[in-house]
Amino acid sequence: MNAPLVSVIMPVFNAQRYIREAIQSLLEQSYINFELLIFDDGSTDNSLAIIQSFDDPRIQVFSDGMNKGQPARYNAGVQLAKGKYIAIAHADDVALPNRLVETVAFLEENEGYGIVGGQVELINNQGNKLYRKYGIAGDYDFLFLHQFYACPLMHTTILAKRELFLTHSYNLEFDSCEDYEIFTRCSLVTKMYNLNQPLVLYRLHPNNLTKTKRHTHALRIQSIMQNLYTAIGLEYTEQDFKCHLLTFYFHKAILSIKEIQKIEAWLVDMRGRLQSLNRFDKELINEVIFINWLAACKKGRGVGWKLVRIFRQGSLAENRGIDLKQQILLFSISLHRKTLTVQFF
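Residues numbered from 1 in each chain as written. Predicted model: local features only at pLDDT ≥ 70, side-chain atom pairs only at ≥ 80, totals over all residues. Heavy atoms only, no water.

### Some words on the pairing of strand E4 (residues 85-88)
Step number 1: Residues of E4 alternate between two faces, with Tyr85 and Ala87 on one and Ile86 and Ile88 on the opposite face, all of them buried.
Step number 2: Where strand E1 (residues 6-12) and E4 come together, four bridges link them in parallel fashion. Its bridge partner lying in E4, Ile9 is registered against Ile88.
Step number 3: Here E4 pairs with strand E8 (residues 159-161) via three bridges, running antiparallel. Looking across to E8, one finds that Ala87 is bridged to Leu159. (Buried < 20%, exposed > 50% of the residue type's maximum accessible area, 1.4 Å probe, protein only. Helix = DSSP H or I, 4+ residues; strand = E, 2+ residues; numbered from the N terminus. Pairing = 2+ DSSP bridges.)

### A word on the nonpolar core
Step number 1: Ranked by size, the top nonpolar core spans 66 residues in total, and within it Ile115, Phe148, Tyr149, Phe165 and Trp293 carry the most contacts.
Step number 2: Top contributing element to this core by residue count: helix H11 (residues 282-297), with nine residues.
Step number 3: When near neighbours in sequence (up to four residues on either side) are disregarded, Phe165 contacts Val78, Ile86, Ile115, Ile158, Ala160, Tyr170, Ile182 and Cys186.
Step number 4: In this structure, Met10, Ala91, Leu159 and Leu195 belong to the second largest nonpolar core, which totals 39 residues. (Core = buried A, V, L, I, M, F, W, Y, C linked by side-chain atoms within 4.5 Å. Contact = heavy atoms within 4.5 Å.)

Any link to function would need more than the numbers given here.
Structure below.
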């Protein structure tokens, strides 16, 4: 039997409610030349029994009764993998039939790229579609710039060269944001690409980060950003850290006018710093800054008509119109206070 081209790695911890559907979605892929390495990470529910009920030669199950965390399981999978490429699968998500064939085709046809991902369609705990696509589409420079504000790839959609993950393994100290950390490091040595199509049904769960975990997560994000800024020759300030967290992490849905103005000033300053590097196309910098400025404004719930005025009159939105649907959404957001209860990263 020929060696598989792709090794799919799936850590599992207490996912009995979703694991059967997750595995079945992979076995039904239109691309078939893969192995599925499933690591039970010390589950105390019925997950392992459900996994072992599958009879497919492509599946290999590993269980040592220990809870080591996802980064450790990913690294173990990379070491054991026989494939040229590594795909990541989450135990509670559903892979669409084209998830592997599209990403394999891209890397096979584009030798200079080390990682490819795609968009997701959001579903809730019951598996009902929320009729929203999530994730950005774009080429390397666009994704590189976007990672200054958020994780550039949806982890559950990626396909990467195994040799890349052998030399740049998952950091065990970043178990709440291991994907963001490894992507920022890999982006310094290889190209990334995001396909403009959904590859996975991504399940949203209620935000269950405790206060202690939120603090730890914030410190990890600070470390990721500090390393990224340093790598390209930018100083990372306390203001960068505060505005980054306020805007793009913990998904605090309600921002005051003062906070929005602070974020605007930060993004203006960031635009200037990125342009001073003479590394990226200025129009591309403006586009990425604008996208994140619009995202920040959408958190100005209940602050009234001033939000729309700030958005329109500032230099970040200059010569960049938004369609009528977005304008109505922004105005509606400015009038209603509503707290989001989910996190995407």
